[in-house]
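Remarks on the overall topology
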Amino acid sequence: MTVTVDTTKPAAGMTVLSALPLSVRLALRELRGGLRGFYVLIACIALGVAAIGGVGSVARAITAGLQQDGQAILGGDLSFSFVHQPFTLQQTRYLETLGKVSEIATLRAMARVPDANRQSLAEVKAVDSAYPLFGTLDLEGAEAGLLFQKVDDIWPVVVERELLARLGLNVGDTVSLGQSTLKIAATINREPDRLGGNVGFGPRLLLAQKALDETGLIQPGSLIRYHARVRFAEALSDEALKARIEAANKAFPDAGWRIRSRVNAAPGLQANIRRFSQFLTLVGLTALIVGGVGIANAVRAFLEQKQPVIATMKSVGATGGLVVRVYLIQILILSTLGVALGLVIGALVPLFAQTALEGVLPVSEMGIYPSTLIVAALFGYLTALVFALWPLGRAHDVPVSALFRDLVAPLPIRPRLPYLIALVAALLLLTLSAIGLADDKRIAVIFTGGIIAAFIMLRLVAWLIMRVAARVPRPRRMELRLAVASLYKPGALTPSVILSLGLGLSLLVALSLLDANLRRQLSSSLPDEAPSFFFVDIQSHEIESFTALVEKTVPNVSLERVPMLRGRLTSLKGIPARDFDAPPEAAWVLRGDRGITYSAELPESSSLVEGSWWLEDYSGEPLVSFDHELAAELGLTIGDRIEVNVLGRTIGARIGNLRRVDWESMGINFVMVFSPNTFAGAPHAFLATASWPDAEEADEFRLLQAVTNALPTVTSVRVKDALQTVNDLVGKLAVAVRAAASVALIASVLVLGGALAAGHQARVREAVVLKVLGATRRRLLGAYLVEYALLGAVTALFALLAGGIAAWFVISDIMGFDFVFDPTTALSVAVIALGLTVSLGLTGTWRSLGQRPAAILRNL
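It should be emphasised that the depicted structure is a prediction, and the values quoted were computed from it without experimental measurement. (Residues numbered from 1 in each chain as written. Predicted model: local features only at pLDDT ≥ 70, side-chain atom pairs only at ≥ 80, totals over all residues. Heavy atoms only, no water.)

1. Quick notes on the overall build of the protein chain
What counts is decided by this rule: Note on conventions: DSSP H or I runs of at least 4 residues are helices, E runs of at least 2 residues are strands, and numbering of each starts at the N terminus. Working definition: with a 1.4 Å probe on protein chains only, accessible area under 20% of the residue-type maximum means buried, over 50% means exposed, and in between means partly exposed. Should any heavy atoms of two residues lie within 4.5 Å, those residues are considered in contact. Only the protein chains shown count as cover for residues, and all accessible areas are computed by the Shrake-Rupley method using a 1.4 Å probe.
Across its full length, the protein chain carries 24 helices and 21 strands. In the protein chain, which comprises 860 residues, the proportion classed as buried is 50%. Counted over contacts in the protein chain with a minimum sequence separation of 6, partners at least 24 positions apart contribute 80%. Accessible surface for the protein chain amounts to roughly 40000 Å². Of this, 59% is attributable to carbon and sulfur atoms.

Below is the structure:
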C-alpha cells in the first residue's frame, strides 16, 4: 500500500512549524536549546551596527540642523562679504531692493584694562539695529537694544563670560578697545550666527557699528571683514537663491564679494562633520570586522559542539547542503537579533547626543533615519555572512567519521567552489559598500585596504608563530614546554587571540600615535622655531614707531615686518575661479580671501625653484611669485596669468617665478608674493612678527603690554595662546577619536572572551588529563600564564608595527610632518595587550583547573 502526502499545504492538525521547509524546521527546533555560545556573535554584530548607525544618525541630525537653521547660522537668506572695504552706497541700495538688510563688521582687536595692565585678544563684532535677521541674541539680564543707546556718553558692549575671566572684570565695569572706553552691559548666552563665522582665537565682544567707528580701529588696510545679510520677504527655493546670486554677480561683476546662501551657511563645519562621521563610520566598520573574527569563532565552536548531531543527520541520509542550510538559517536568525539590538542602540544614540551637543552645534529634533540604519544593518549582515561562510562551507564535505575526531585531528578540507564564490562575493560587496557609501573615496580605499592587509598579516603572524613553536627545541621546564606546545597544538588559541586583539590594538596604536605627533607639532617643536608674536593692522604711519618700541622693550628681538593685503583669486589661466577644476588638496586656495603681499626681495623663508626674481626697481607688467607645490597641483606654470580682487579692484598678474615656502617655520609666508609695482598707491597695513632666543613669559607679557598701551589699534596675537587654542580643539577631537577606537577595542575583548570560552571545554579536558598524570595546579597555572603572555607580547608587537606604519604614512605622506615614534604609546599598548590576554585567559583557566576529574574522564 502506497501513501502519498501532499506537502504543498498543511494537513489537518499540522502546526505552522511543520508546514515550513525541513531546513527551517530543524533550525528553529535546535534554537529551542537557547543562545549559549552565540552571545559573543550577537554582541559583536550589535556593537558594530550600533556604532555605524549611531554615528551616521548623529551626523545626519547635525547636517539637518545646519540646513534647518541655515538662516540663523548664516544670519540671513544670503550673505555678502568683503575684506578691507565696506559696501558702497550703490551696493547697499541694490541689496535693499532684495529684502531686509543687516550689516555687520568683524575683526580681531585687543581688549584692555589699562589701570591693571591686563589685556586679551577679542573677536570684535559690530552690528546694526536690524541684527539679527534670524534667531535671537540671548543676553544675560538685558535686551539687544541696549547696544545702541549711549549711557553717560559711554557706549555699552556685551561680551562672552570668558573675556570677563581673562580680564578680571564684571558686568558694569569698563574696558578699553582701541581709543575708546566701553561699559560691559551684559554677557552673551547665545549668538545665533556664531557657527557661520571663522574660528575664533578669542572671546566675543559685541557692540554697535557707531561704537566701532569711534574706536579708531577702522583704518585703511585694516583686516576687517564687512558682511551684509539679506532676508527675503517671501520664502525662496534653493534654485531661486542661486538665481539671486547670479543676478547680484551680474549687477556688480567686479565687486569681488563672497556670497553664501542659507544652503551652505557653514561649509567648513559641514565638510568637517562629513569627514569626521566618515572616519567614525570606518572605525565602526573596523569593529564589525574585528567582531567578524568572533563570529567565525562562534560558528566554528558551535559546529564543533554539534558534531554528534551533524554526524547523526548525515548517517541517516542528510546531505551536506541540508546541513549548511540548517546552520546558515540559524546564523541569519542570530545575526538578525544582533542587528536589531544594534539598530535600537544606534537609533537611541542621537537622543543622548542631542543633550551633549545642545548649545554647541545646531542639532535638529533627533529622529530615526531609516537610510542610515539600513546601511548599518547591511554592514552587519554582510560581515556575519563573510565570516560564517567558511566554517559552514567546510562542514558540507566533512565525512561522518571525521566529525567525531575533527577536534583533535582536523582535516585540511576547504569549502566547495560555490561557497568560495559566495564568500568572495560577500567580501567584495562589503568592501564596495564601505567605499561606495563614503564621501572621500580615497580615504575609504586606503582604510579598507589597510584593514584587509592587517587581517591577512594577522593570519600570517598566527601561522608563523605556530610554525616556529613547533620547531623550537623542547624546553626542560615543564611549564615552558606546555606553553610552547599549546601555541601550535590542534585547537590552539593562537589564531583566535592574535586576530581578536590585533586589529583593535593596531587601530588604537595608529590613532594614539597620530594624536601624539599632532600635539608635538602644535605644542613642542613649532614654538621653538616660531615667533613669539604676530602683530596685525600696523598702519603705515605707525610702522616706524612700532619698530622702535619693540626694539626698545626687547633689545635682542628679531623683528620681521611686511605689507599685507587680502585678496581673492578670481581667475586662473583665463578660467573663473568658481569654474576652475582644482584637486581637493589645492581647492582651499580658491575659497575665500588669501593674505597677499609685495616685495622687492625674495622672502627669507622662501627659495626659488623655477624662474628668476624681479629687479628691485622693476616697473613692467605686474608679476607674481607662486608657491611651487600649489602651482603644480593647480597646473600653473611660469607665464600663466592669474587675477585677484583686492579692495574691490580686479588686478591681473603673470607668474614670474615659482618658489618653495617653508610653511613649518610659522614665519610670515604667503602663497602669492607680487612685484612692488602691482599695488602702487593701494592703502594697506603691515604685518609683523617678533621673536627672540630663550623668550621668558614675563618678557612676552612686558612686550604685549607695551605695544597694547602705546598702540591700542594694533592687534597682538601671542603664538603660544593661538597654539593652545588649536591644541585644545585637537584634544577634544582626540577624545572623540579615542572613544571611537575603544569601540573596536571592546569588540576585540568580546572576541577574545568568546575565543577563550569556545576553548573552555578543551582546556578542561586537558587540565584533567595533566592533573591525573601528576601536574600540580601551580605548574598548570604557570604554563598557561606563559602561553597567554607570549600571545599578548606578539600581539602587542604586531600592533606597534602595523599601527606605527599606518600613523607614519598619515603623518609623513598626507600631512607632511616629521613622524616621531612615541615610546609611551608603545608601552601602554603592550601593557593593555598583556593585561587583557593574561587576565581573561587565566580567568577561564582558573575555572578549568577547578573541575573534578571523575566526571570529565567518564565522558572522554
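Still more to cover.
2. Some remarks on the pattern of salt bridges
Applied cut-off: Whenever Lys or Arg places a side-chain nitrogen within 4 Å of a carboxyl oxygen from Asp or Glu, that contact is recorded as a salt bridge.
Scanning the entire structure with this criterion turns up 14 salt bridges. Linking Arg166 and Glu162 is a salt bridge whose minimum nitrogen-to-oxygen distance equals 2.7 Å. With Arg166 and Glu162 both in helix α5 (residues 161–167), this residue pair falls 4 residues apart, about one helical turn. The class for Glu162 is partly exposed, based on a relative accessible area of 40%. One connected set of salt bridges, linked through shared partners, spans Lys125, Glu191, Asp193, Arg204 and Arg229.

3. Focus on the pairing of strand β1 (residues 78–83)
Using the following cut-off: By the convention used here, strands pair only if DSSP detects at least 2 bridges between them.
The element β1 is extensively covered by neighbouring structure, given that 6 of its 6 residues are classed as buried. Where burial is concerned, the two faces of β1 agree: the one with Leu78, Phe80 and Phe82 and the one with Ser79, Ser81 and Val83 are both buried. Here β1 pairs with strand β10 (residues 258–261) via 4 bridges, running antiparallel. Within β10, the residue paired with Leu78 across the bridge is Ser261. When β1 meets strand β9 (residues 225–231), the two strands line up antiparallel, connected through 6 bridges. Looking at the pairing, Phe82 lines up with Tyr226 of β9.

4. A look at the environment of Thr795
Examined against the element boundaries, Thr795 turns out to sit in helix α22 (residues 777–814). Sequence-wise, Thr795 and Leu505 are 290 residues apart; in three dimensions their C-alpha atoms are separated by 8.2 Å. Beyond its immediate stretch of four places on either side in the chain, Thr795 contacts Val497, Ile498, Leu501, Gly502 and Leu505.

5. Notes on the environment of Leu241
Here Leu241 shows up in helix α7 (residues 238–251). Residues Leu241 and Leu78, 163 residues apart in the sequence, show an inter-C-alpha distance of 7.8 Å. If we ignore the near neighbours within four places in the chain, the residues touching Leu241 are Asp77, Leu78, Phe232, Leu236, Ser261, Arg262 and Val263.

6. Remarks on the pairing of strand β7 (residues 180–190)
The pairing of strand β4 (residues 138–140) with β7 spans 3 bridges and is classified as antiparallel. Within the sheet, the bridge partner assigned to Leu139 lies in β7 and is Ile188. Bridge count between strand β6 (residues 174–177) and β7: 4 bridges; the pairing is antiparallel. Residue pairing in the sheet places Ser176 in a bridge with Thr181 of β7. In this antiparallel pair of consecutive strands, β6 and β7, the connection spans 2 residues, and Gly178 shows a positive phi of 60°.

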